[in-house]
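# Per-entry structural report
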Amino acid sequence: MESENAAGVVIEGLSLAYDTADVLKGVDLRIEPGEFFTFLGPSGSGKSTLLRCVAGFGPRPRGRILIGGQEVTHLPPWRRNVGMVFQSYALWPHMTVYRNVAFGLEERRVPSAEIPKRVEAALDMVGLWELADRRPSQLSGGQQQRVALARTIIVEPRVLLLDEPLSNLDANLRVQMRREILELQRKLKLTTIFVTHDQEEANTISDRIAVLDEGILQQVGSPMDLYDRPVNRFVADFLGTANLLDGGVEVAGEGTRFVAAGGLILPLGGEGHAPGDGRIAMFRPQDASISAAGPATATAFAGRVGHREFLGNLIRYTVAVDKDTSLMVDDTHQPGRRAFSVGDKVTVNVDMKHVQILPG
Amino acid sequence: MYAAIRGQWGPAAVVAVVGLFLLVFLVLPVVNVIYVAFQDPNTGALTLINFVDFFRTSLFRESSINSLYVAAMAVVVSSCFALPLAYFTTRFNFKGAILIQTLGIIPLIMPPFVGAVAMLLLLGENGSINLLLDEWFGFTVPFMEGLNGVILVESIHYFPFILINLSAALNNIDRSMEESAQNLGASGLRLFRRIVFPLAMPGYVAGASLVFLKVFDDIGTPLLLNVNNMLAPQAYLRISSIGIADPMGYVISVILVIFSLLALWTSFLALRGKDYATLQKGGGGLMKRDLRPWEKAACYGVVIFILLLVLSPHFGLMLLSFGTIWSFSVLPDGYTTAHYLQVVSSSFQFVSNTLLYAGLAAAIDVCFGTAIAYVVWRTKLIGRQWLDYIAMGAVAIPGVVLGIGYLRTFYEFNVPIIDKPLASWWVIIVVALAIRRMPYALRACTAALQQISVMLEEAAENLGATKARTVRRVVIPLMAGGIVAGFVTSFATAAVELSTTIMLVSQESDAPLAFGIYEFMQSAAGRGPGAALGIVAVVIVGITTYVSHRFIQRKATQRAPAVTVVPGV
């Protein structure tokens, strides 16, 4: 069943308005053949709408969508040959598992002699052939999910679209299913677009991620790119915990420094920054370290532990360094290693080479 | 342990009272009717001779075939009314969809036989339409001729059952059901045939079997249209003209019950294991699409035609109630309010009797309905399910059958103090109405209770409330909407009931509205006042329904967050 026809997807200047609200505002994207690509964003960001545009559902957007080089913007859903797995699975309750899976082949007028073999192969692939005679209501959530996958891949779509397919499963099953989906995708070499609001899910499964917010494409890149080099506050915050300080870049003698609104000053060193560069300084909690109260330096700030979260492998401290500014600092945890308590006086050392200045 | 045992006493007492009521006034009379049907009228021995006699009589054979034919045709014709209305309003962006759905339900709030007279005047041999047809084109159409008339009147009256059930089924189909089919290559008619239609089918079958059952049991309409060769009217005529001892009435009753059960069985089979409510959180039912101008015109044409037709009994009744003389003419000769004055001055007891009977019956229904629902869903009493089954079983018992059963069973029983047979005391009418409408109230109460998370009750108990106080302070207030809905359905349908009351009214001062209208409509001179009384009935039922609907909606919006607690998560 390996897909010979994995196709790339190109989205050009896609905009969509419902009534008066703009849901998508000029999205441009290029998804490579065989890629596992994710639309990541909070609810209302337009990620599901964008996916539905690719599938052909909803009002016709402005702009163009090309699949495998062919423009499909004007095509109805049933002429696009893209496979979609719905969030609710959308298995038809009046049909057995077998009939559900066979549906797409029947609609494509596949010779009836060929259908049983292909249904068996598809159900085998998801390990559910023995449940072929059951009704969807007799299946568990994970099984329904697999049937929905089988029903979609059996028609050998050019692109596989997954609309938050794991959101209805419990945590353990979710981890297992996302591995299964990834394995299946690699085996079939299917171009896949996955929609989720869960950054961990996106990071673990994707080749590349497009982050969306308020209908605007914020950034596209590999999971590590986005985490390490976010282009703005939204991406920095959405892909993980970050210290985000508002302020501005100023000239200080030879180099530059960042002055936060609360008065905290971060020396930025000589090159790469100029006044007016950006208004936010960003670094991750693991880019700082915590130690018992000691002498303050330019990059070591005295403060008091305001809050402590034990996360297993590490402890995340929130340290108030002045009246308006708190910094989050991670400290690895091992049995017997010293831990600080709320109220302790400490020093926070910021590793300046990881501090990034973002425009906004 | 002590609390657990003590906690069972209340429910057990409730079960005893409700169970006894159902046993005496539902099970006993029905069993009695069936028993008599198999009894030799002379010797009292068990026999099949009555059934043999029944099938040897050509009138009864003809009546059976007529009843089946009329019920089946009524399903076909009412489907023709309901399908377009349901489909257009759920499927397309259609202005006035809510208005259409509301207007479509109006026929239900009038006894079908009341509309029959108005239909005769509009569509009968010498009715308005045929007079016009004859004048303009020189031909007439026998709309109301014999069985046609019964079919038309019943279809107009009962099609809302299909409309309601089918619309609900269509609205419950999640959009993703259709979208996933489109995604896999289905579209247009194939999509409809393979996905939408099968998913809506259970709703349609449920509505259709209800129509079949109601039409099969109705006696008012055929009697008023002077069609006597059908089963239910025959049962009534045998008992009322030949007497309570005549076995044929009982044989017919058994046959009516069998067909009722068959219709319900069909609906049960259609719905079994097909919990097709596929709607997801936030999903919006079927995809609605805009219509092209010519499609829009065509759709509105069809809808307006159907609405005019199904509302024609109401128009006709209105004209009749205000008309002076209306005979062999397109419209009444003149207009007057005399009929209303006459009704108010001389026939007011019909209205007050109806309010009393239907009110009491509905009150009994919601009390027992709430009790049964609570016992079934919140206690572990042994045999609690049977209470539910027996109460619901009343659906399968045609009104005539219950009436005959009451006459047979309670005629010998003299009520102390007033010294009169129970079967001819007005209270028996209330009891009959309560039994017949119990299923409606029970369904509403059960649905309301099932929406309340057990957690809400546990929270009250955790804070120190006893079972009884939890029921009073948490369960009943949260069920209020459902209880009111149950009261209204029971009240509105009891107010226009005729099949049972026609057998149980022993003197005119005890008679309710429906019976009064029936009496008036028998004579040409009584039609005007009868129509006025009919309009009064429609107004009463209409106002109660509207007011309670508003009440329920207000409750629903107030309590939305509490009721949507997801069970089992």
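Scoring rules and cut-offs
- Residues numbered from 1 in each chain as written.
- Chains lettered and ligands numbered in written order.
- Predicted model: local features only at pLDDT ≥ 70, side-chain atom pairs only at ≥ 80, totals over all residues.
- Pairing = 2+ DSSP bridges.
- Helix = DSSP H or I, 4+ residues; strand = E, 2+ residues; numbered from the N terminus.
- Contact = placed C-beta atoms within 7 Å.
- Nonpolar A, V, L, I, M, F, W, Y, C, P; charged D, E, K, R; others polar.
- Domains from an automatic or database assignment.
- Expected span 1.5 Å × (residues − 1).
- Buried ≥ 20, exposed ≤ 12 C-beta atoms within 10 Å, placed from the backbone.
- Arc of directions from axis to C-beta.
- Axes fitted to C-alpha atoms, helices over the stretch in contact; angles between N-to-C directions.
- Parallel < 35°, antiparallel > 145°, perpendicular 65-115°, else oblique.

### With respect to the sheet that holds strand β1 (residues 9–18) of chain A
- With antiparallel pairing, four strands are arranged side by side in an open sheet as β2-β1-β4-β5 (chain A). At either margin of the open sheet sits one strand with a lone partner, and together these are β2 (21–31) and β5 (70–71) of chain A.

### Focus on the interface of chain B and chain A
- Across the boundary between the two partners, chain B contributes 20 residues, which contact 19 residues of chain A.
- Elements with a contribution of two residues or more to the side of chain B that touches chain A: α8 (175–183) and α9 (188–217) of chain B.
- The dominant element in the side of chain B that touches chain A, judged by the number of residues it contributes, is α8 of chain B, at seven residues.
- In terms of residue class, the side of chain B that touches chain A is built from eight nonpolar, eight polar and four charged.

### Quick word on the domain arrangement of chain B
Residues and elements named next belong to chain B.
- The domains assigned to chain B are domain 1 (61–332) and domain 2 (339–560).
- Here the C-alpha centre of domain 2 lies 24 Å away from the C-alpha centre of domain 1.
- With 29 residues of domain 1 in contact, the opposing surface of domain 2 contributes 33 residues.
- At the level of elements, α5 (112–123), α10 (220–224), α11 (231–242), α12 (247–271) and α13 (293–322) are the ones that each hand at least two residues to the side of domain 1 that touches domain 2.
- Considering every element that reaches the side of domain 1 that touches domain 2, the biggest residue donor is α12, with eight residues.
- Residues belonging to the side of domain 1 that touches domain 2 are distributed by class as follows: 21 nonpolar, six polar and two charged.

### Some words on helix α5 (residues 171–188) of chain A
All names here are of chain A.
- With 18 residues, α5 ought to run about 26 Å at 1.5 Å a step, and its terminal C-alpha atoms sit 26 Å apart, in line with that.
- Taken residue by residue, α5 has Arg 178, Ile 181 and Gln 185 as its buried positions. Considered in projection along α5, the buried side chains sweep an arc of 65° and stay on one side of the axis. Residues of α5 that are exposed and point more than 90 degrees away from the buried face comprise Asn 172, Gln 176, Arg 179, Glu 183, Arg 186 and Lys 187.

### So, the packing of α9 of chain B against α12 of chain B
Residue and element names in this part refer to chain B.
- Orientation of α9 relative to α12, taken along the N-to-C sense of each, is 175°, at an axis distance of 8 Å. By the angle between their axes, α9 is roughly antiparallel relative to α12. Of α12, the residues touching α9 (which contributes Met 201, Pro 202, Val 205, Ala 206, Ser 209, Phe 212, Leu 213, Phe 216 and Asp 217) are Leu 256, Phe 259, Ser 260, Ala 263, Leu 264, Thr 266, Ser 267, Ala 270 and Leu 271.

### A short note on α5 of chain B
Residues and elements named next belong to chain B.
- For α5, with twelve residues, the first-to-last C-alpha span of 15 Å sits near the 16 Å given by 1.5 Å per residue.
- With twelve of twelve residues buried, α5 lies mostly within the body of the structure.
- Turning to α5, its buried residues number three or more, namely Pro 112, Phe 113, Val 114, Gly 115, Ala 116, Val 117, Ala 118, Met 119, Leu 120, Leu 121, Leu 122 and Leu 123.

### Concerning the sheet that holds strand β6 (residues 82–85) of chain A
All names here are of chain A.
- Across the sheet, six strands lie side by side as β6-β7-β8-β3-β9-β10; this open sheet has mixed pairing. The strands lining the two open edges of the sheet, one partner per strand, are β6 and β10 (216–221). Strand-to-strand, the axes of this sheet are offset by a mean angle of 20°, without reference to chain direction.
- Across five bridges, strand β9 (residues 208–213) lies against β10 in antiparallel orientation. From the neighbouring strand, Leu 212 faces β10, where its bridge partner is Leu 217.

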